[in-house]
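So the chains spell out like this:
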Amino acid sequence: QVQLVESGGGVVQVGGSLRLSCAASVASGSIYSINYMGWYRQAPGKQREWVARISNSGILTNADSVKGRFTISRDNAKNTVDLHMNSLKPEDTGVYYCYAEHTARVYWGQGTQVTVSS
């Protein structure tokens with residue numbers, strides 16, 4: 001069982017930056033046992049879209065739409081995964097969800113709203 005809590009969303013102007021954070025707790029074992037953690041987002045009226053992920057060994061991948069602008073990082077000692085978002089665009093607006101892949105299951109956070117205003 002994994003619980004995820006996101007924070008850091010808000011309203012930002014075009015070209016601005018935000019940092020989202022996801023705090024993970026594992027009922028048995030440690031965050032090291034979580035193979036992958038990452039982020040999805042969902043814009044109004046659209047399907048949920050994968051954004052980025054990072055493995056427990058630090059291998060990270062990003063969606064093409066955010067490459068060069070978003071960076072994902074993981075702190076196993078603090079049980080957190082952060083998404084650093086720069087050069088934000090209006091199309092980055094949406095609810096951002098943290099997720100974790102653990103023992104063949106996927107766990108989700110409750111989501112945090114990001115709004116990029118022009």
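How each quantity is defined
Residues numbered from 1 in each chain as written. Predicted model: local features only at pLDDT ≥ 70, side-chain atom pairs only at ≥ 80, totals over all residues. Heavy atoms only, no water. Helix = DSSP H or I, 4+ residues; strand = E, 2+ residues; numbered from the N terminus. Polar contact = N/O pair within 3.5 Å; in protein donor to acceptor, adjacent residues only side chain to side chain. Contact = heavy atoms within 4.5 Å. Buried < 20%, exposed > 50% of the residue type's maximum accessible area, 1.4 Å probe, protein only. Pairing = 2+ DSSP bridges. Axes fitted to C-alpha atoms, helices over the stretch in contact; angles between N-to-C directions.

A.B. asks: Describe the side chain of T112, listing the residues and the values that go with them.
C.D. replies: Within the fold, T112 resides in strand β11 (residues 112-117). A distance of 3.3 Å separates a polar side-chain atom of T112 from the backbone nitrogen of G9. In contact with T112, other than residues within four places in its own chain, are E6, G8, G9, L20, G94, V95 and Y96.

A.B. asks: An account of the pairing of strand β7 (residues 70-75) is requested, with residue identities and associated values reported.
C.D. replies: Side chains F70, I72 and R74 of β7 all project onto a buried face; the interleaved residues T71, S73 and D75 project onto a face where none is buried. Here β7 runs beside strand β8 (residues 80-85); their pairing, made up of six bridges, is antiparallel. Each residue of the ladder has a partner; that of D75, found in β8, is T80. Counting the residues in the hairpin turn of β7 and β8 gives four residues, including N79, whose phi is positive at 60 degrees.

A.B. asks: Residue-level account of the sheet that holds β7, with values.
C.D. replies: Pairing in this open sheet of four strands is antiparallel, and the strands run β1-β3-β8-β7 from one edge to the other. Edge positions in the sheet fall to β1 (2-7) and β7, since each of these pairs with one other strand and no more. Each strand of the sheet is rotated relative to its neighbour by a mean of 15 degrees, with strand direction disregarded.

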